[in-house]
Amino acid sequence: MHVSEKLSQNEAAGRIGISFEFFPPKTAQGVQNLYDRMDRMHGLGPSFIDVTWGAGGRLSDLTCEMVNVAQSVYGLETCMHLTCTDMAQEKVDDALQAAYKAGCTNILALRGDPPREKEVWEATDDGFRYAKDLVKYIREKYGNHFCIGVGGYPEGADDNSDVDLLIDHLKEKVDAGSTFVVTQMFYNTENFIQWVQKCRAKGITVPIIPGIMPIQTYAAFIRRANWTKTQIPPDWLEALEPVKNDDAAVKQIGKRLIADMCRRLIDSGIKHLHFYTMNLAQSTQLVLEDLQLMPTAETPIPRPLPWRPSLGLNRREEDVRPIFWRNRNSSYIARTQIWDEFPNGRWTDSRSPAFGELDAYGVGIKGTNEQNIKLWGEPKSIRDLAEVFVRFLEGQLDRLPWSDSPITPETNAIKDPLVELNKGGFLTINSQPAVNGVKSSHPIYGWGPKNGFVYQKAYLELLIPAYLIDDLISRIEANEDLTYHAVTKYGELRTNTRDSPNALTWGIFAGREVVQPTIVETVSFLAWKDEAYQLGEDWAKCHDSASSSRKLLQSVMDSWYLVNIVNNDFHNTYDLFELFKGLNVKDIDVEFPGEISEPKVQNGTTNGTTNGATNGTTPAQPVKN
């Protein structure tokens with residue numbers, strides 16, 4: 001969606017919009033950490049984010065990659081900076097095409113700063129001289145596909161201190177086709193308000209968005225103000241100077257100063273605030289809390305689906321997803337982007353040459369070996385292993401190998417039986433309670449348009465020892481309301497389904513067909529199986545090859561089944577946890593002692609219902625404990 005449309009929607013709803021700026025980090029680890037931070041800051045409710053562009057296009061490939069990931073993986077409406085300083089037309093074309101393919105529809109067109117090795121700005125032989133030239137070029141080449149923003153300078157630019165002349169230049173950029181303005185940082189509120197009035201008097205009618213720089217530390221505050229020649233009100237210096245060596249106190253006072261400035265801007269008619277985050281979250285969040293602009297239970301971020309939609313090209317209308325990737329959104333997007341198209345926006349099947357391919361991005365577990373050992377410890381028995389899952393369920397851990405995010409409030413309804421199940425040695429990966437027609441505005445279960453009703457079936461996905469699988473399946477099949485899939489690492493599948501998608505969540509909304517966004521199906525479960533076992537093996541490999549922890553985790557991956565169970569009676573007249581009463585995991589407290597023998601591969605299948613699609617692997621009898 002265009003930034004200008006976002007601004008109009010917020011204004012019509014009486015909301016003050018916010019947005020965040022990020023810049024490309026210099027290291028690969030920094031990039032991954034920033035992705036995690038962008039994902040968390042999505043929860044603060046930004047209308048959009050933007051990603052900066054280095055002078056001369058330095059780090060331009062990384063900017064394009066970050067835009068693609070933010071749009072397609074994290075579902076963040078993204079605006080890509082694009083500067084024309086020292087940029088050949090070919091390089092501009094490449095950047096615009098990359099943005100187009102990523103589904104990005106917003107560009108912030110800037111002249112930019114000269115590269116460090118050049119003292120003054122200059123245009124390349126086949127490049128652009130001014131930002132207005134870049135705006136014209138984008139409009140001529142892409143029509144209205146891109147919403148184009150430009151920079152505004154309330155206190156002058158580095159090479160031009162004539163504010164009135166810069167307003168004339170801003171009018172030229174708007175007349176060339178730009179549809180919004182984002183300003184340079186400032187702290188003098190009255191000066192900014194007067195500048196806006198001058199812009200309006202010149203006929204600049206597009207939205208003007210103030211650039212807000214939160215105060216992180218005193219030294220950084222002074223350095224940035226000096227660098228940009230920003231005026232600092234004397235009372236700000238009087239407030240900050242006495243505590244300049246106390247970073248916590250600076251943050252608190254800075255929060256108040258910035259929040260008061262924002263309130264004054266809002267009172268003057270400003271409807272949107274753009275925060276220069278410097279890739280940090282805390283100071284921006286403190287300001288938003290002070291302004292009471294944080295999403296709350298009463299005013300949650302609208303959730304169109306039970307999972308975060310992708311904004312990638314050709315994926316914006318995607319409204320169905322297998323439940324297996326609910327807690328690994330980035331992995332799902334990265335994996336399925338190369339799958340063949342399938343009718344009605346579905347996925348593919350085992351006949352596709354792309355089926356089952358694993359994309360390197362987003363599949364493995366996060367963190368270094370040392371970080372993961374610190375987080376999950378060194379389990380030496382099934383009891384130790386189960387305790388890691390229990391700690392996650394109780395909110396003491398923010399992730400597991402199979403879940404990138406902390407436990408959600410939705411789990412509270414079934415938390416106690418989940419904890420008991422894990423304490424018994426059954427390791428739960430994914431679950432949801434039954435929901436029978438709650439309002440779509442419900443703060444926990446709600447999604448979709450208002451005044452609708454949403455439903456969901458009880459679902460449980462877990463790892464269980466192979467020696468218990470026959471008993472568990474016989475119990476499941478004794479209840480005609482229950483369906484299941486059970487698979488080993490080696491591709492042996494048992495199921496009582498007809499291999500057709502089974503809706504797990506659905507919504508009823510006025511004037512629309514029934515929406516069924518979350519499903520279970522055999523083909524995607526087999527694909528998830530590969531990833532699920534790989535994640536467990538990655539966890540094992542965090543430990544030394546000779547350690548008990550490594551051998552324990554690898555043994556579980558080699559010999560346990562991955563099982564999902566659905567109660568198709570959404571009234572929840574049968575408790576799925578009843579299935580496990582009387583089933584006992586053996587040797588739960590015995591520490592894993594010795595070497596792991598190689599699993600024996602045998603052709604053939606079990607007596608249970610099977611499915612021929614094994615994702616290219618040979619069916620195998622799992623190791624029996």
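Description of the structure in this document. Computed from a predicted model, the values in this text were never measured in an experiment.

### Points about the overall build of the chain
Item 1. Tallying secondary structure elements over the chain gives 18 helices and 18 strands in all.
Item 2. In the chain, which comprises 625 residues, the share counted as buried stands at 54%.

### Digging into the sheet that holds strand β18 (residues 560-567)
Item 1. In spatial order, the strands read β10-β13-β18-β14-β15; together these five strands make up an open sheet with antiparallel pairing. In this open sheet, the two strands that pair with only one neighbour each are β10 (427-432) and β15 (493-495). Direction aside, neighbouring strands of the sheet carry axes that sit 10 degrees apart on average.
Item 2. Bridge analysis of β10 against strand β13 (residues 458-465) gives five bridges, and the strand direction is antiparallel. From the neighbouring strand, Thr-428 faces β13, where its bridge partner is Leu-462.
Item 3. Strands in contact with helix α14 (residues 382-393) are β10 and β18; relative to β10, the strand with the most contacts, it is inclined by about 25 degrees.
Item 4. Contacting β10, β13, β14 (482-487), β15 and β18, helix α17 (residues 522-540) crosses the sheet at an angle of about 140 degrees to β18.

### Concerning the sheet that holds strand β17 (residues 515-520)
Item 1. Strand order in the open sheet made by the five strands is β9-β17-β16-β12-β11, with mixed pairing throughout. Because the sheet does not close on itself, it has two edges, and the strands there are β9 (321-322) and β11 (435-439).
Item 2. As paired strands, β9 and β17 are joined by two bridges and run parallel to one another. Directly across from Arg-321, in β17, lies its bridge partner Thr-518.

### Quick look at helix α6 (residues 163-175)
Item 1. The end-to-end C-alpha distance of α6 is 18 Å, a good match for the 18 Å that 13 residues give at a rise of 1.5 Å each.
Item 2. On its buried face, α6 sits against α5 (131-142), β5 (147-152), β6 (180-185) and α7 (189-201).
Item 3. After α6 finishes, the residue Gly-177 shows a positive phi value of roughly 130 degrees.

### Let's talk about unusual backbone geometry
Item 1. If you check the backbone angles, Met-278 has positive phi at about 55 degrees while not being a glycine.
Item 2. Its place among the elements puts Met-278 in the loop between β8 (272-276) and α11 (282-290).
Item 3. Although it is not a glycine, Asn-279 sits at a positive phi angle of roughly 65 degrees.
Item 4. Tracing the backbone through its elements, the reader meets Asn-279 in the loop between β8 and α11.

### A look at the state of the cysteines
Item 1. Taken as a whole and assessed by the stated rule, the structure comprises zero disulfides.
Item 2. Cys-79 supplies the cysteine sulfur nearest to Cys-104, a cysteine that is in no disulfide, at a spacing of 6.5 Å.
Item 3. A residue is classified by how much of its surface remains accessible, and Cys-104, at 0% relative accessible area, is buried.

### Remarks on the nonpolar core
Item 1. Trp-402, Trp-528 and Phe-580 are the most contacted members of the largest nonpolar core, which has 163 residues in total.
Item 2. A total of nine residues in this core trace back to one element, the largest contributor, which is α17.
Item 3. Here this core spans two domains, and each of domain 1 (3-291) and domain 2 (321-340 + 355-579) adds at least three residues to it.
Item 4. Trp-447, Val-454, Phe-509 and Val-515 belong to the second largest nonpolar core, which has six residues in total.

Scoring rules and cut-offs
Residues numbered from 1 in each chain as written. Predicted model: local features only at pLDDT ≥ 70, side-chain atom pairs only at ≥ 80, totals over all residues. Heavy atoms only, no water. Helix = DSSP H or I, 4+ residues; strand = E, 2+ residues; numbered from the N terminus. Buried < 20%, exposed > 50% of the residue type's maximum accessible area, 1.4 Å probe, protein only. Pairing = 2+ DSSP bridges. Axes fitted to C-alpha atoms, helices over the stretch in contact; angles between N-to-C directions. Contact = heavy atoms within 4.5 Å. Expected span 1.5 Å × (residues − 1). Disulfide = S-S within 2.5 Å. Core = buried A, V, L, I, M, F, W, Y, C linked by side-chain atoms within 4.5 Å. Domains from an automatic or database assignment.

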